[in-house]
Each structure stands twice: as C-alpha cells, then as structure tokens.
Amino acid sequence: MVKVGIIGATGYAGGELVRLLSRHREAKIVWYGSKSYIDQKFSAVYGNLFRIVDASCLDDNMEELSKEADVIFTATPQGLCASLINEEILKRTKIIDLSADFRIKDVSVYEKWYGIKHASPSYIEEAVYGLCEINREAVKQARLVANPGCYTTCSILTAYPLIKEGLIDSHSLIVDAKSGTSGAGRGAKVPNLFCEVNENIKAYGIASHRHTPEIEEQLGYAAGEELTISFTPHLVPMNRGILATEYALLKKKADGSLPTYEDLRAAYDKYYGKEKFIRILEKGVYPETKWVEGSNYVDIGFCIDERTGRAILLGAIDNLVKGAAGQAVQNMNLMFGFPEEEGLDLIPMFP
C-alpha cells in the first residue's frame, strides 16, 4: 500500500485527487494539506466526501510529509513546489507536481511567462513531463514528475500523431480552446463570479496564455524543431471540460498529393490504438465535453477541409481529471508499477 500526501488538497484539483485516490486499491492518503483549512475536517470542505474521508486538514510542511509519504502530490500555485523541494525530500519520496514549476525546460521561458523567479532550477532537467501516453517509459523511472496543464494535455494529444508523422504543417497550427470555470481554480475572483460567467463566453490570455510555451515545447519535440503556434483559450459557463479545436495546413506527400482521411486515421491508430484513455471517434463524429465528464478519457475526432487544404482536429477532456488529478494518478500508477487504469476506470457521467 502506497502512502500518499497531498499539498493543496482543498483546491479543485486537490479535491479531485482525494476523490480518485479514495477508491484506489493500492493507495492510502496520509496527509490532506491545506493552508486555508488547517485542523478543519476535509469533508466539511467537500461535502461529497462526508463519511468517506474522516481526516482533518494539515499544513503544507513538505519536509515532515516526506517522512510519512511514498509520494507527494502538490496541487498548488506556481512557485510553491519549487520553493519547498530539496535533495533530502527527493531521497525519501517521489513528487508529482500539478503546477508548472517543472514543465518547461528553459528556465528563462518559465520566468518570462509566469513572472516569477524559479526557486530550484537544478531539478528542471531531471523532471519528467508526465504526459503518460507519450512519456510512459520515462515516467516509470522518475522521482519528480511535472504533471501537464489541462489545456496542454488536450491540445498536445490532439495534434501529436499528425505532427510526429509529418502529415500537417506544424508551424501553421492554431489552437482554439474552451474551458469550464473550474480550470481557473477555487479562489475567489471577480471574473469568475456567477454573474460574470453565466450567459457569456469570452477569450482571455490572448497571445499571452501561460500554457502556450508548454504546448510549443512538447509539440516541438514531436516535430523535431522549435515551433511557434497560435493559442487562444476561452471561458464558457460550465463546471468542467475542455474542447480544443485545432487547425493546420496539410503537408504534401512525396507524390505531391495531400494526406487523406485514411492517412490521418492511420497515424492516430499507430500512436493511440492501444491506449486505454484515448478514444478516436468514428468518421463524422466529433468530441463533446459531456461525453468525457468525470472520466480520464480523451476523445479525439478530425476531418479534412478539402477546400482549404487544412486538417481540423478536435479533442475533449475533463479538465479536472485527465487535465489534472486523473493524469496525476495515472502518473503515480506508472511510477509504482500499478495497472495504469487503477483508480481511473471511470465511466463518463451523463447527464
């Protein structure tokens, strides 16, 4: 039985970690860390876990926690994990960080986009980017995993096979993504109030969203060169879910013709055909957030616009599960040799 500690357990991603790990057959939560709710019952914060979780919240003392837990999840704002981590902690326990502290390999890029100085850059190179379907073998050997962002998980997985196989012009990639309000976290912010969000849709972080360099870096590895993409996120009035619609020009094949639907389908099947949590939809069927809600699935659909010579790719995830806590548990399963679907074999909820 793996002993688990969570720092930031009362945020939305932290609460989802507790929900998932509470039914995990190989894990036991020993620390519910929360700076805002120290000594309060966890189930008083999340009533859905009443009579399921009886423990009270503790502080965010990673040093002490590392002596009790085999793995620590940090579901915290940017900068906290980097400020707490050290070699003694990593000798005692593994860490899965849900913030962006170790996702981007170039520390200057991280500091530019996040506006803070990195507190422990010496661990950036070691950290494994925990996109399980792409970096599975590296995750298995890791002691520090950078859990990907929600927009990035959806955006990268949707385009990855086609970029890897050279079927689309990666430099022409445009990502237009919509997210539910839980993606903004549980903190009180005027732009996220009901009256501000309800009956409205708005773009934000235009040409400046922090997930942009993360998407560029990971898809750049697939392309074998540095990429610059256009990424625009939008906030929509729903609790959960991300839908990414991506556009890219098709690249001509050796004979001068453009790739067909069958060519694109073969690429998706090559990389994802055996993946438990990625579902490539039938021709003419496209992802909807309602069909992945509450699950760790990624639904992907696509078509070819012959008029413009573009591929149109669509991906949908639950931003709190595959986009955060579910992927973190999937990473833990890989790190400890558990079945990858343990604790995650969830049928999407509907309605």
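Novice: How would you explain the overall build of the chain if you had to name every residue and give the values?
Specialist: From N to C terminus, the chain includes twelve helices and 13 strands. Taken against the 2.2 N^0.38 rule, which gives 20 Å for 351 residues, the C-alpha radius of gyration of the chain at 20 Å falls within 12% of a compact globule. Considering only contacts in the chain between residues 6 or more positions apart, those separated by 24 or more positions represent 70%. Carbon and sulfur atoms make up 51% of the accessible area of the chain, which totals about 15,400 Å². Here the chain holds 39 positive side-chain charges and 47 negative ones, and the gap between their average locations is 2 Å.

Novice: Give me the layout of surface pockets: which residues, what numbers.
Specialist: The space that makes up the largest pocket amounts to roughly 1,400 Å³. Of all the secondary-structure elements, those providing two or more residues to the lining of the largest pocket are helix H1 (12-21), helix H8 (150-164) and helix H12 (321-336). Here the lining of the largest pocket gets three residues from one element, more than from any other, and that element is H1. Classifying every residue of the lining of the largest pocket by side-chain character gives 19 nonpolar, 22 polar and seven charged.

Novice: Got a sec to walk through the packing of aromatic side chains? Specific residues and values, please.
Specialist: In this structure the tally under the stated criterion is eleven aromatic pairs. Ring centres of Tyr32 and Phe42 lie 5.3 Å apart, and the angle between their planes is 45 degrees; this geometry places the pair in the tilted category. Taken as a pair, Tyr32 in strand E2 (residues 27-33) and Phe42 in helix H2 (residues 42-45) lie far apart in primary sequence, ten residues in all. Of the two residues, Tyr32 and Phe42, both sit in the buried class. Summarising the aromatic geometry, the rings of Tyr261 and Phe302 are spaced 4.6 Å apart at their centres and angled 15 degrees between planes, so their arrangement reads as stacked. Of this pair, Tyr261 sits in helix H11 (residues 261-272) while Phe302 sits in strand E12 (residues 298-305); the two residues are 41 residues apart in sequence, bridging distant segments of the chain.

Novice: Tell me what's going on with the sheet that holds strand E4 (residues 94-97), and back it up with residues and numbers.
Specialist: As summarised here, the arrangement of the six strands in space is E2-E1-E3-E4-E6-E5, forming an open sheet in which the pairing is parallel. Lying at the two open borders of the sheet, with one neighbouring strand each, are E2 and strand E5 (128-129). H12 contacts strand E1 (2-7), E2, strand E3 (71-74), E4 and strand E6 (144-146) of the sheet and is inclined by roughly 155 degrees relative to E4.

Novice: Could you give an account of H1, naming the residues involved and the relevant values?
Specialist: The buried fraction of H1 amounts to seven of the ten residues, a majority that puts the element mostly inside the structure. For H1, every residue scored as buried is listed here: Gly14, Gly15, Glu16, Leu17, Val18, Leu20 and Leu21. Buried residues in H1 make contact with E1, E2, H2, E3 and H12.

Novice: Can you explain the pairing of strand E13 (residues 310-317)? Please cite residues and give values.
Specialist: Most of E13 is tucked away: seven of the eight residues are buried. With seven bridges joining them, E12 and E13 adopt antiparallel strand pairing. Bridge assignment links Asp299 to a residue of E13, and that residue is Ala316. Between E12 and the antiparallel strand that follows it, E13, lie four residues; Gly309 among them carries a positive phi value of about 70 degrees.

Novice: Which residues make up the packing of helix H7 (residues 132-140) against H12, and what values do they have?
Specialist: Between H7 and H12, whose axes approach to 9 Å, the crossing angle comes to 40 degrees. Of the two possible hands of crossing, H7 and H12 adopt the one that is right-handed. Packed against H7, whose contacting residues are Cys132, Glu133, Arg136, Val139 and Lys140, the element H12 presents Lys322, Gln327, Gln330, Asn331, Leu334 and Met335 at the interface.

Each value, and the rule that gives it
Residues numbered from 1 in each chain as written. Predicted model: local features only at pLDDT ≥ 70, side-chain atom pairs only at ≥ 80, totals over all residues. Heavy atoms only, no water. Helix = DSSP H or I, 4+ residues; strand = E, 2+ residues; numbered from the N terminus. Rg over C-alpha atoms; globule rule 2.2 N^0.38 Å. Contact = heavy atoms within 4.5 Å. Areas by Shrake-Rupley, 256 points an atom, 1.4 Å probe, with all protein chains shown as cover. Lys, Arg positive; Asp, Glu negative; His and termini not counted. Charge placed at Lys NZ, Arg CZ, Asp CG, Glu CD. 1 Å grid on protein atoms, 1.4 Å probe; cavity = no way out; pocket = protein on both sides within 12 Å on 5 of 7 lines; lining within 4 Å. Points joined across faces, edges and corners; volume = space filled by probe spheres on them. Nonpolar A, V, L, I, M, F, W, Y, C, P; charged D, E, K, R; others polar. Phe/Tyr/Trp six-rings, centres within 6.5 Å; stacked < 30°, edge-to-face > 60°. Buried < 20%, exposed > 50% of the residue type's maximum accessible area, 1.4 Å probe, protein only. Pairing = 2+ DSSP bridges. Axes fitted to C-alpha atoms, helices over the stretch in contact; angles between N-to-C directions. Left-handed = near helix turned anticlockwise from the far one by under 90°.

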